[in-house]
Amino acid sequence: MSERTVAAHVDLLHAIVDALHLPLPSIEVADERLYYRLLERRALAVRIIIESNRAVTRDPRLAADAIRTRTAEEPVTYTPFKFDKNGDER
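The residue numbering used here restarts from 1 in each chain and proceeds along that chain's sequence as written. In view of the model being predicted, local features appear only for residues whose pLDDT reaches at least 70, and side-chain atom pairs are presented and counted only at 80 or more, with totals across whole chains, interfaces and linings using the full set of residues. By convention in this description, side-chain values take in all heavy atoms of the structure and omit both hydrogens and water.

(A) Representation of the packing of aromatic side chains. In this scheme Phe, Tyr and Trp rings, the latter by its six-membered ring, pair at centre separations within 6.5 Å, and the angle between planes marks the pair as stacked below 30 degrees, edge-to-face above 60, and tilted otherwise. In this structure the tally under the stated criterion is three aromatic pairs. Judged by centre distance (5.8 Å) and plane angle (85 degrees), the rings of Tyr35 and Tyr78 are edge-to-face. Of this pair, Tyr35 sits in helix 2 (residues 29–55) while Tyr78 sits in the segment after helix 3 (60–73), and the two are 43 residues apart along the sequence. For the ring pair Phe81 and Phe83, a centre distance of 4.4 Å and an interplane angle of 65 degrees mean the geometry is edge-to-face. The helix and strand labels rest on DSSP assignments: H or I over at least four residues marks a helix, E over at least two residues marks a strand, and numbering proceeds from the N terminus.

(B) Spatial organisation of the nonpolar core. Take the buried Ala, Val, Leu, Ile, Met, Phe, Trp, Tyr and Cys residues and link them wherever side-chain atoms come within 4.5 Å; each set so joined is a nonpolar core. Exposure classes here rest on a 1.4 Å probe applied to the protein chains alone. A residue is buried below 20% of its type maximum, exposed above 50%, and partly exposed in between. In this structure, Leu12, Ala15, Ile16, Ala19, Val46, Ile49, Ala63, Ala64 and Ile67 together form the largest nonpolar core, which totals nine residues. Counting residues per element, the ones that place at least two in this core are helix 1 (3–20), helix 2 and helix 3. The contact definition used throughout considers only heavy atoms, calling two residues in contact when any of these lie within 4.5 Å. Contact partners of Ile67, with chain neighbours within four places excluded, come to Leu12, Ala15, Ile16, Ala19, Val46, Ile49 and Ile50.

(C) Local environment of helix 2. By this rule the span expected of a helix is its residue count minus one, scaled by 1.5 Å. When the terminal C-alpha atoms of helix 2 are compared, their 39 Å separation across 27 residues agrees well with the 39 Å that a helix rising 1.5 Å per residue should span. Turning to helix 2, its buried residues number three or more, namely Asp31, Tyr35, Leu38, Arg42, Ala45, Val46, Ile49 and Asn53. Those residues of helix 2 hidden inside the fold are in contact with helix 1 and helix 3.

(D) A look at unusual backbone geometry. Positive phi outside glycine occurs at Arg58, with the angle close to 60 degrees. With respect to the helices and strands, Arg58 occurs in the loop between helix 2 and helix 3.

(E) Here's a closer look at the side chain of Asn53. By the secondary structure assignment, Asn53 is in helix 2. What makes Asn53 buried here is its relative accessible area of 12%. Apart from the residues lying within four places of it in its own chain, the contact partners of Asn53 are Arg58, Asp59, Pro60, Leu62 and Ala63.

(F) Quick peek at a nonpolar patch on the surface. Where nonpolar side chains cluster on the molecular surface, the patch consists of Met1, Val6 and Val10 and spans about 310 Å² of accessible area. Turning to its location among the elements, Val6 is positioned in helix 1. Patch construction takes residues with relative accessible area above 30% that form no salt bridge. Like charges are linked within 9 Å, and nonpolar side chains (Val, Leu, Ile, Met, Phe, Trp, Tyr) are linked within 5 Å. All accessible areas in this document rest on Shrake-Rupley with a 1.4 Å probe, and a residue is counted as covered only by the protein chains that are shown. Note on definitions: salt bridges are taken to be side-chain nitrogens of Lys or Arg within 4 Å of carboxyl oxygens of Asp or Glu.

Treat this as a map of the structure, not an account of what it does.
Next comes the structure, spelled out in structure tokens:
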């Protein structure tokens, strides 16, 4: 595998991690619900993009771009959990 191919796969992995790494929600039930819905939608989008890419182009750069585009379309809309200096919720 060439360095360029390895770099493309590493970039794809970064795109996946970025898509699925969400800030924890506040302790409000509505925020928790929005968090889990967003995580579920993003995970589904990642799975569909990877499966489609694997079946059609096998180009990790295209998959990474598609994941980033889809992630931008699904922003965080809930209130993230806030910690103070001691690690307690504010």
